[in-house]
Amino acid sequence: MHVLLDGDPGHDDMLTIFLAAKHLDVVGITTVGGNQSLEKTTVNARKCVELAGLTHIPIAKGLPRPLVNEPRYAPEIHGVSGLDGVDLPDPTVELSPLHAVDFIIEASHAYDDLWLIPTGPLTNIAAALIKDPTLTERIAGISLMGGSLTYGNSTAAAEFNIYVDPEAADVVFRSGVPIKVFGLNVTRMASATVARLDRIREIGTPFARTVADLVEFYRASLHNVFGLEGASIHDPLAVAIFIKPELFTMQEMNVQIELNGTHTRGMTVCDYRYVGTEGKGLYGEEAVTVGAAPNAEVAVDMDVDGFFDLLTETLALYR
Ligand code: BDR
Ligand code: CA
């Protein structure tokens, strides 16, 4: 299966690359401004592929700012570099000559089973959908980390990736493309505690120790900012569904992006009322359809230990 990873590395975006590359055909990495500036996230993507020996994967640089909003970064979570914790060597691997938006469109012509996996603000994906409306006919779908069924992190209502570029998210959720959503309600369950990071460190390779040190920085940030016990391994869930779908409980529902709202701009408004997924209601009778038809499959639960087994076993494949 072919996947294109679009993100803003970022500690958990980094793990997304490492997880995907050992199990799926990664046709490219496209970068976007988000956790840090586009310049920094692009350097970080290049550092990640060099750290892991994945320099065969092309990297294309994308858009530096959201469609409408002013840029907004997250140094309090990922540090001033966007990937603080270990001073990785300056990368030498070259970028693709293509802009990320064109890279996405070209990849959609080259592969007929392509899933886009965005793990940052949806700016590049929206721009590609706007530039080439026929893109919707050629991609298999979009599996994204963003939003939430419950609370936000940037605001009480909004999750960072959607909050940074709500207009881009709106384009994506209205596109008609099959969408899988991994929001904070599940990604905060994927908590890399000190014990889980120790398991990664105990793999014993220089690679695993470096990864554990990087994620430890991120864990400490999330502890300081949100009082969380472990590091939320948000982004890799959008990849893990293709490797071990049994790890997740998905539910179809309608998801809209709040673009206004006094307190709720950037919120994913998830219509949890829809129960007619198989033409049946919860108790087997004809479904009473309330609300709009589903436009997304939303993760509502996950097997946390199973996910960390998969992640740890995959990291052990690198040297
Ligand atoms: C999202 O924001 C970033 O900090 C993470 O990389 C993740 O994509 C979580 O809200
Ligand atoms: Ca991210």
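For the structure, see preceding data.
Residues numbered from 1 in each chain as written. Chains lettered and ligands numbered in written order. Predicted model: local features only at pLDDT ≥ 70, side-chain atom pairs only at ≥ 80, totals over all residues.

Novice: It is not clear to me how the environment of L247 should be interpreted in this structure. Could you clarify?
Specialist: Among the structural elements, L247 can be located in the loop between α12 (237-243) and β9 (248-257). Under the C-beta neighbour-count criterion, L247 is labelled buried, with 21 such atoms within 10 Å. The sequence separation of L247 and M302 amounts to 55 residues, and the corresponding C-alpha distance is 5.4 Å. Every residue in contact with L247, bar those within four places of it in the chain, is listed here: A240, M302, D303, G306 and F307. (Helix = DSSP H or I, 4+ residues; strand = E, 2+ residues; numbered from the N terminus. Buried ≥ 20, exposed ≤ 12 C-beta atoms within 10 Å, placed from the backbone. Contact = placed C-beta atoms within 7 Å.)

Novice: Would you explain helix α5 (residues 123-131) in this entry?
Specialist: For an α-helix the count is 3.6 residues per turn, leaving residues at separations of three or four pointing the same way. Summarising burial for α5: seven of the nine residues are buried, a large majority. Along α5, the residues that are buried comprise T123, N124, I125, A126, A127, A128 and L129.

Novice: Help me understand the packing of helix α4 (residues 100-110) against α5 in this model?
Specialist: A packed helix pair is summarised by two numbers, namely the angle formed by the two axes and the spacing between the axes. Where α4 contacts α5, the axes come no closer than 9 Å and their chain directions differ by 65°. Between α4 and α5 the crossing geometry is right-handed. Across from A100, V101, I104 and I105 in α4, the residues of α5 making contact are N124, A127, A128 and K131. Along the lines of polarity and charge, the residues of the contact of α4 with α5 split into six nonpolar, one polar and one charged. (Axes fitted to C-alpha atoms, helices over the stretch in contact; angles between N-to-C directions. Left-handed = near helix turned anticlockwise from the far one by under 90°. Nonpolar A, V, L, I, M, F, W, Y, C, P; charged D, E, K, R; others polar.)

Novice: Explanation requested: the pairing of strand β11 (residues 296-302) in the structure shown.
Specialist: Within a regular strand, side chains alternate between the sheet's two faces. With five of its seven residues buried, β11 lies for the most part within the structure. With two bridges joining them, strand β6 (residues 179-182) and β11 adopt parallel strand pairing. Pairing of V181 across the sheet is with V298, part of β11. Strand direction decides the pairing type here: β9 and β11, joined by six bridges, are antiparallel. Counterpart to M250 in the pairing with β11 is A299. (Pairing = 2+ DSSP bridges.)

Purely spatial values, then, with no claim about function.
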